[in-house]
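# Remarks on the overall topology
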Amino acid sequence: MLLLAPLLIPLVTALLTAVLPAHPRLRRGLSLAGVLLLLGAALALLVAVGPAGRLSVALGDWPLPFAIQFVADGLSAALVLVAALLGLTVLLYQFATEPANREAPGLQPLVQGLLAAVVAVFLAADLFNLYVWFELLLMATLGLLLLGGRPWQAEAALKYFALSMLGTLLMLAAVGLIYGASGQLNFGALAVASQAPGVAPGLTLFVVMLLLAVLLKAGAFPLFAWLPASYHTLSPPLLALVGGLLTKVAIYVMLRLSGQVFSATPAFLYEALGWLAMLTLVTGVLGAAYHWDLRRILAFHIVSQIGYLLLGIALATPAGAAGTAFFLIHNILVKANLFLLAGLIWLSAGHPDLRRIGGLYLARPWLALLFLLNAFSLVGVPPSSGFWGKFLLVQEAFAQQRFLWGGLALGVGLLTLYSMSKIWLEGFWKPHPDPTRLAGSQPQGDGGPRLAYAAVTFSTLLVLALGLYPQPLIDWLQQATAGYWAGFGPA
Amino acid sequence: MTLILMITISLTVAAGVLLLLSRDLFRTLVGLAVLGSAVNLTVFLAGRPGSLTPPLIPPGLDRLPAGAADPLPQALVLTAIVIGFALLCFALVLGAWISQRAGHTEVDRLRLSEPPAKDPLKPTILKE
């Protein structure tokens, strides 16, 4: 029950907010209660599991390789908590900036559905179950993209749908083929079956298919076109939720599948993954350097950050896995914060295009401070959370003699700094080209601007805590990922 | 049986990819649907259709005899068909709405969400 609660709470909340003939405020109240309950359940799960522990539920009392299984270990429990925290921040921000009476009726159910799918992917231990939750994730995101009903949002949703659907089909085909070759869908049973001498060679191609599908969902190098085409059409709180969680969920699946389930995958695949990670890093950050729209700059930075996460997986050691896990948690929070701050910059200065705004350093000093803290963390200036994430990854890359990979990862940090200084110079230092627009605009929602600022400040404090006191989390994640790639080292 | 299915799957995948590469909006969506059918057939193939050994575990054994038919992929395919059908209907409505608004069905000309850059790209600070 403890294990299923974080999955059931958002699902039930999504149903309730969808079917009750509700007043918008009641819907918001229900949604907030759901997220608070989820937060409690996630905390309880985290305490019950512990860093190296493991909780498992087999549904319907079937014996194990047949039953649909859910498993929580130290890593997934920590990620469920992070998703719940992000959900809370985003909801408070959304209440503060968007008036309740103009909210689309589908918004709260879709947000809860997205949270349910994300939590379920973190906990699923069955390949086909995983595919179903990815479908729910796709549907919820598609709904969120279309909520505004604008023509450009519809086009973005179509582009997102076409590529994601291709990934989903690839994933389904791979699931079927893997089942055909090994006779198993359960993660534990697959881990055993994939190392059996008769099965392993035939399985490699299908595993590559599966990982390719997950890479598409993660937005890795040649397959990321859906991300910058669609993300920026979302409203800021939804952008923070989707941009913070969606691609990172795929990275988590990648880490679990390659590190625990198919850990006998040949080493040359990790070599290939490493170079893909490098290409993702560089293309993402260059794409960001080209753009002027705040949201599009940050959307391209998601692609670049995915490169760091893939680098940790390509190193294929417990230390690389721990680095990826730390970077994952850091990146979910920082990225969402930056998207929320981009929303506040837009509200305060009147436009998301950097060329048409400015002067925020004088007009909104607190906003400037929050942006600076999160931007430094994204760049990885010590002692921010991004610094520790990159430190763990680059240290492991150098320990494996991957000097080019580690060096490129550090160099891309400089280009990230370029993008962040661009936002700083243009949005905060430069005088506003039309100062009349700077004075009047304030968030239009329920709690006023204070609630939105409070939500982002809370989330920024989490990022600061991660940066100033990272050792407990690093220890936790190192224990949680100690068994990854057991008995397998890169050649 | 397996051979027939394999040939069918290859032809369906080829047709799906051909449609998917088209620049027409609806051909692309139909291509995704055709590709989806090919994938469903692939999963179906994993259940060893055509095997005459029933999926029953004989007394004294703890697993299916080798080469027995497997009903599980059929359950998986059913789930996948339902999800795929719903998503396809949704996408077709979306496509119809977009093409009605835009007045054409060419994917290349749908640039509302990613307008081509027309403003100068140099930072305003550096222009002086």
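Note that the structure is a prediction, hence the values are computed from the model and not measured.

Check the secondary structure of chain B and you find four helices and zero strands. Order of helices (α) and strands (β) in chain B, N terminus to C terminus: α-α-α-α. Taking 2.2 N^0.38 as the reference for a compact globule, 128 residues should give roughly 14 Å; the C-alpha atoms of chain B span a radius of gyration of 24 Å, well beyond that estimate. Considering only C-alpha atoms, chain B reaches an extent of 85 × 35 × 25 Å along its principal axes.

Moving on: the overall build of chain A. Looking only at helices and strands, one finds 20 helices and two strands in chain A. For 491 residues, the compact-globule formula gives about 23 Å, and the C-alpha radius of gyration of chain A, at 22 Å, lands near that figure. Expressed as a percentage of the 491 residues in chain A, the buried residues total 62%.

A negative phi angle characterises most non-glycine residues, just as the trans form characterises most peptide bonds. All names here are of chain A. For the bond from Pro382 to Pro383, the omega torsion is 0 degrees, close enough to zero to count as cis. Its place among the elements puts Pro383 in the loop between helix H15 (365–379) and helix H16 (385–399). Residues other than glycine seldom take positive phi values, yet Ala316 does so here, at roughly 55 degrees. Secondary-structure assignment places Ala316 in the loop between helix H12 (294–315) and helix H13 (318–349). Even without a glycine there, the phi angle at Gln401 is positive, about 65 degrees. You can see Gln401 is positioned in the loop between H16 and helix H17 (403–429).

A few words now on the interface of chain B and chain A. Many structure descriptions define interface size as the accessible area lost when the parts assemble. Of the residues lining the interface, 29 residues belong to chain B; the matching set on chain A comes to 27 residues. At the level of secondary structure, the elements contributing two or more residues to the side of chain B that touches chain A comprise helix H2 (25–45), helix H3 (72–102) and helix H4 (124–127) of chain B. Sorting elements by how many residues they give to the side of chain B that touches chain A places H3 of chain B first, with twelve residues. Residue composition of the side of chain B that touches chain A, by class: 19 nonpolar, seven polar and three charged.

Let us look at the confidence of the model for chain B. Taken as a whole, chain B shows an average pLDDT of 86; of its residues, 91% reach a score of 70 or greater. Overall fold confidence (pTM) sits at 0.93, and the ipTM for the predicted complex is 0.90.

Another point: the packing of helix H11 (residues 267–290) of chain A against H12 of chain A. Residues and elements named next belong to chain A. As a packed pair, H11 and H12 sit with axes 7 Å apart at the nearest point and diverge in direction by 160 degrees. Accordingly, the angle class assigned to the pair H11 and H12 is roughly antiparallel. Crossing handedness for the pair H11 and H12: left-handed. Looking at the contact of H11 with H12 residue by residue, the classes come out as 17 nonpolar, eight polar and no charged.

Let's shift gears to the packing of helix H1 (residues 5–19) of chain A against helix H4 (residues 107–123) of chain A. All names here are of chain A. Close contact between H1 and H4 brings their axes to 8 Å; oriented N to C, the two are set at 160 degrees. Taken together, the axes of H1 and H4 are roughly antiparallel relative to one another. H1 and H4 meet at a crossing whose hand is left-handed. Residues Pro6, Leu7, Pro10, Leu11, Thr13, Ala14, Thr17 and Ala18 of H1 lie in contact with H4, whose contacting residues are Gln108, Pro109, Gln112, Gly113, Leu115, Ala116, Val119, Ala120 and Leu123. Residues of the contact of H1 with H4, tallied by class, amount to twelve nonpolar, five polar and no charged.

Turning our attention to the pairing of strand S2 (residues 69–73) of chain A. Residues and elements named next belong to chain A. In terms of residue burial, S2 counts as a mostly covered element, since five of its five residues are buried. Of the two faces of S2, the one carrying Gln69, Val71 and Asp73 and the one carrying Phe70 and Ala72 are both buried. As paired elements, strand S1 (residues 54–58) and S2 share five bridges and run antiparallel to each other. Each bridged residue has a counterpart across the sheet, and for Leu55 the counterpart in S2 is Ala72.

Turning our attention to H12 of chain A. Here H12 of chain A is 22 residues long and its end C-alpha atoms lie 33 Å apart, about the 32 Å a rise of 1.5 Å per residue gives. In terms of burial, H12 of chain A is largely enclosed, as 22 of its 22 residues are buried.

Turning next to the environment of Gly47 of chain B. Residues and elements named next belong to chain B. Topologically, Gly47 is positioned in the loop between H2 and H3. Look at Gly47 and you get buried, because 21 C-beta atoms sit within 10 Å. Apart from the residues within four sequence positions on either side, Gly47 is in contact with Ala69, Asp70, Pro71, Leu72, Pro73 and Gln74.

The rules behind each value
- Residues numbered from 1 in each chain as written.
- Chains lettered and ligands numbered in written order.
- Predicted model: local features only at pLDDT ≥ 70, side-chain atom pairs only at ≥ 80, totals over all residues.
- Helix = DSSP H or I, 4+ residues; strand = E, 2+ residues; numbered from the N terminus.
- Rg over C-alpha atoms; globule rule 2.2 N^0.38 Å.
- Buried ≥ 20, exposed ≤ 12 C-beta atoms within 10 Å, placed from the backbone.
- Contact = placed C-beta atoms within 7 Å.
- Nonpolar A, V, L, I, M, F, W, Y, C, P; charged D, E, K, R; others polar.
- pLDDT = per-residue confidence, 0-100.
- Axes fitted to C-alpha atoms, helices over the stretch in contact; angles between N-to-C directions.
- Parallel < 35°, antiparallel > 145°, perpendicular 65-115°, else oblique.
- Left-handed = near helix turned anticlockwise from the far one by under 90°.
- Pairing = 2+ DSSP bridges.
- Expected span 1.5 Å × (residues − 1).

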